[in-house]
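# Observations on the three-dimensional arrangement
In case you want the letters, here they are:
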Amino acid sequence: MNYIGSKYSLLDFLQETITEVTGITDGEGFTFADLFAGTGIVGATYKSKGFTVLSNDIQYYSYVLNKHYTENSESHHPELLDELNSLPGIEGFIYNNYCEGSGSGRNYYTNYNGMKCDAIRTRLQELLDDGTIDSSTYFWYLASLISSIDRYANTASVYGAFLKHIKKVAAKEFELEMLPVIQGPKGKAYNENINQLVRKISGDILYLDPPYNARQYCTNYHVLETIARYDNPTLRGKTGLREYSQQKSEFCSKRTVATVFDDLIANANFKYIFLSYNNEGLMSLDTIAEKMNKYGTYKCYTKDYRRFKADTEDNRKIAANSTTEYLHCLIKK
């Protein structure tokens, strides 16, 4: 998925640094927590290395992705793929609210792809409700639907706006593709406020990748949230935003971020804590260093990388083509 803050391009840097700091080369018997999990790429990587992974995100679509990656270790009903892809489209919530042909005025998907998404999403719920499939199968297919349909979105990058005309990739006919099943120990996925969750769990390595700026993920990916929940929400505005007050992150506010960060570190029952943050974030490097130094031995590693491409597509006037990622490391007392 084309996701803001994705650590896919930084995986080598993260793994090398975490191994250097912890000395852990084999994950067997160790717990790795990824509590701002996003698309789940970091947690999935550490599951494949033998760690028991705890994942969390306050966004439900992210929880669905991580429920699959973290808790599934085998395929369930792979034959169902052909049935779902052969379904005729239906005029459901996605078509009626996010496709131009319905009269909604929104153009997030073509009419065909919106109706196809509705058909698959509705059928998955029916199969779960009548007991034909279990929850493991349901979350595998739902996670795959979220990941697949995102590639056909008629947006420049995120769902804060749709394009007036259908772009080439969005015009292709939607086909469901299955996400890989990650081999490794069965972990646990959560869908909670991180500062509340951290008081209830413990482990060896805690990896944190919070939002860096004021842009809320709940508004950037609201369409995926609706597909994941399929709860027929009341929508508002030109872009069809759902109500999101309970999903707003205090890490996206300059007024609150330092306080909630300090609370998070203070209550984290993990020996090693790693924080990904870049040089353009709401918290200054000095603030992060000050907070982490209070609780143990602190060190910082850096890597330059190319900026997320939505910056150019949104025509934002930013001079730099790259940014610096900081991996802040704490060995807790």
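I will try to describe carefully the structure that is included in this document. (Residues numbered from 1 in each chain as written. Predicted model: local features only at pLDDT ≥ 70, side-chain atom pairs only at ≥ 80, totals over all residues. Heavy atoms only, no water.)

### Here's the deal with helix α2 (residues 41-48)
Quick note on the threshold: The rule is simple: take the accessible area with a 1.4 Å probe, protein chains only, and divide by the maximum for that residue type; under 20% is buried, over 50% is exposed, in between is partly exposed. Secondary structure elements are defined from DSSP: runs of H or I of at least 4 residues count as helices, runs of E of at least 2 residues count as strands, and each element is numbered from the N terminus. Between two residues, a contact is recorded if the distance between any of their heavy atoms is within 4.5 Å.
With six of eight residues buried, α2 is to be regarded as a mostly interior element. Where α2 is concerned, the buried positions are Val42, Gly43, Ala44, Thr45, Tyr46 and Lys47. Residues of α2 that are buried make contact with α1 (11-22), β1 (31-34), β2 (52-56), α3 (60-71) and β4 (203-208). Looking one or two residues past α2, Gly50 carries a phi angle of roughly 100°, positive in sign.

### Let's talk about the nonpolar core
Test applied: Put simply, buried Ala, Val, Leu, Ile, Met, Phe, Trp, Tyr and Cys residues joined by side-chain atoms within 4.5 Å make one nonpolar core.
Counting residues in each nonpolar core, the largest one holds 52 residues, and the members touching the most others are Tyr109, Tyr221, Leu224 and Ile227. Counting only elements with at least two residues in this core, the list comes to α3, α4 (80-85), α5 (93-98), α6 (111-129), α7 (135-150) and α11 (222-229). For this core, the leading source of residues is α7, giving nine residues. Those residues within four positions of Tyr221 in sequence are excluded, and the remaining contacts are Asn2, Tyr3, Ile4, Tyr61, Val158 and Tyr159. Listed in part, the 29 residues of the second largest apolar core include Ala33, Phe36, Val257 and Met292.

### What about the state of the cysteines?
Simply put, the disulfide is a covalent bond whose two ends are the sulfur atoms of two cysteines. Where we set the bar: The criterion for a disulfide is a pair of cysteine sulfur atoms lying within 2.5 Å.
Tallying each qualifying case throughout the model produces zero disulfides. Not part of a disulfide, Cys99 finds its nearest cysteine sulfur in Cys117, a span of 8.6 Å. Cysteine Cys252 remains unbridged, with the sulfur of Cys218 as its closest cysteine sulfur at 7.6 Å. Assessed through its relative accessible area of 6%, Cys252 is described here as buried.

### A closer look at the packing of α3 against α11
In plain terms, the rule: A fitted line through C-alpha atoms represents every axis, and for helices the fit uses only the stretch in contact; the resulting angles, taken between N-to-C directions, go from 0 to 180 degrees. Between 65 and 115 degrees an angle is taken as roughly perpendicular, under 35 as roughly parallel, over 145 as roughly antiparallel, and anywhere else as oblique.
Two numbers describe how α3 lies on α11: the axes approach to 7 Å, and their chain directions differ by 60°. Classified by the angle between their axes, α3 and α11 sit oblique to one another. In this structure, α3 contributes Tyr60, Tyr61 and Val64 to the contact, and α11 contributes Leu224, Glu225, Ala228 and Arg229.

### Considering the packing of α1 against α2
Stated formally: By definition, turning the near helix anticlockwise from the far helix through less than a right angle yields a left-handed crossing, and turning it clockwise yields a right-handed one. Residues are grouped as follows: Ala, Val, Leu, Ile, Met, Phe, Trp, Tyr, Cys and Pro are nonpolar; Asp, Glu, Lys and Arg are charged; every other residue, Gly included, is polar.
Two numbers describe how α1 lies on α2: the axes approach to 11 Å, and their chain directions differ by 55°. Between α1 and α2, the angle falls in the class oblique. Handedness of the α1/α2 crossing: right-handed. Judged by residue contacts, Leu11, Leu14, Gln15 and Ile18 of α1 engage Ile41, Val42, Thr45 and Tyr46 from α2. Of the residues assigned to the contact of α1 with α2, the class counts are six nonpolar, two polar and no charged.

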